[in-house]
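Structure assessment
If you want the building blocks of each chain, they are given just below.
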Amino acid sequence: MFKENGIEMTIKNDSNEPITNVEFTTTEKLDVIKIDLIESNESVTEFLSMRTNKTDGTYSLTFTRANGKKEVSGGGYYTNGGSLDHWVDFTVKIDTTIVKFDSPIY
């Protein structure tokens, strides 16, 4: 079975306030997942297509907290435009964001 090149991204808002202006993308910024609002204790799962990516890079998540503070977190790695991971989970806490990748086994 052929699976489209990309990565599944889940964001769980484990903080006690909503987050807004959520964006998940790659270094190349060819495709971007945009989510206006994630309420407290809600989660969203989306698939980021990477079919037009060509180079190496990382993933980044940006969002705005209720107090107006913009947060940026990221990590992971893709090579030659191809994702090495099947999924990434972001858990937004009150004072941090936890990132967990499905690391491949070589």
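Here's what I pulled together on the structure shown here. In this text the structure is predicted, and so the values were computed from the model without any measurement.

So, about the nonpolar core. Counting residues in each nonpolar core, the largest one holds 20 residues, and the members touching the most others are Ile7, Met9, Ile11, Val22, Phe24 and Ile35. Put simply, the parts of the chain that give this core at least two residues each are strand S1 (6-13), strand S2 (19-26), strand S3 (32-38), strand S4 (43-49), strand S5 (57-64) and strand S8 (87-92). Ignoring anything within four residues of it in the chain, the contact list for Ile35 reads Met9, Ile11, Asn21, Val22, Val44 and Glu46.

All right, on to unusual backbone geometry then. Its identity is not glycine, yet Asn21 carries a phi of approximately 50°, on the positive side. Secondary-structure assignment places Asn21 in strand S2. The backbone of Lys29 sits at a positive phi, close to 55°, despite the residue not being glycine.

Our next topic: the sheet that holds S4. What the 4 strands build is an open sheet, ordered S4-S1-S8-S9; its pairing is mixed. Of all strands in the sheet, those bounded by a partner on one side alone are S4 and strand S9 (97-101). When the angles between neighbouring strand axes are averaged without regard to direction, this sheet yields 15°. In terms of strand pairing, S8 meets S9 through 5 bridges, oriented antiparallel. By the bridge assignment for S9, Val92 is matched with Thr97.

Conventions adopted
Residues numbered from 1 in each chain as written. Predicted model: local features only at pLDDT ≥ 70, side-chain atom pairs only at ≥ 80, totals over all residues. Heavy atoms only, no water. Core = buried A, V, L, I, M, F, W, Y, C linked by side-chain atoms within 4.5 Å. Buried < 20%, exposed > 50% of the residue type's maximum accessible area, 1.4 Å probe, protein only. Helix = DSSP H or I, 4+ residues; strand = E, 2+ residues; numbered from the N terminus. Contact = heavy atoms within 4.5 Å. Pairing = 2+ DSSP bridges. Axes fitted to C-alpha atoms, helices over the stretch in contact; angles between N-to-C directions.

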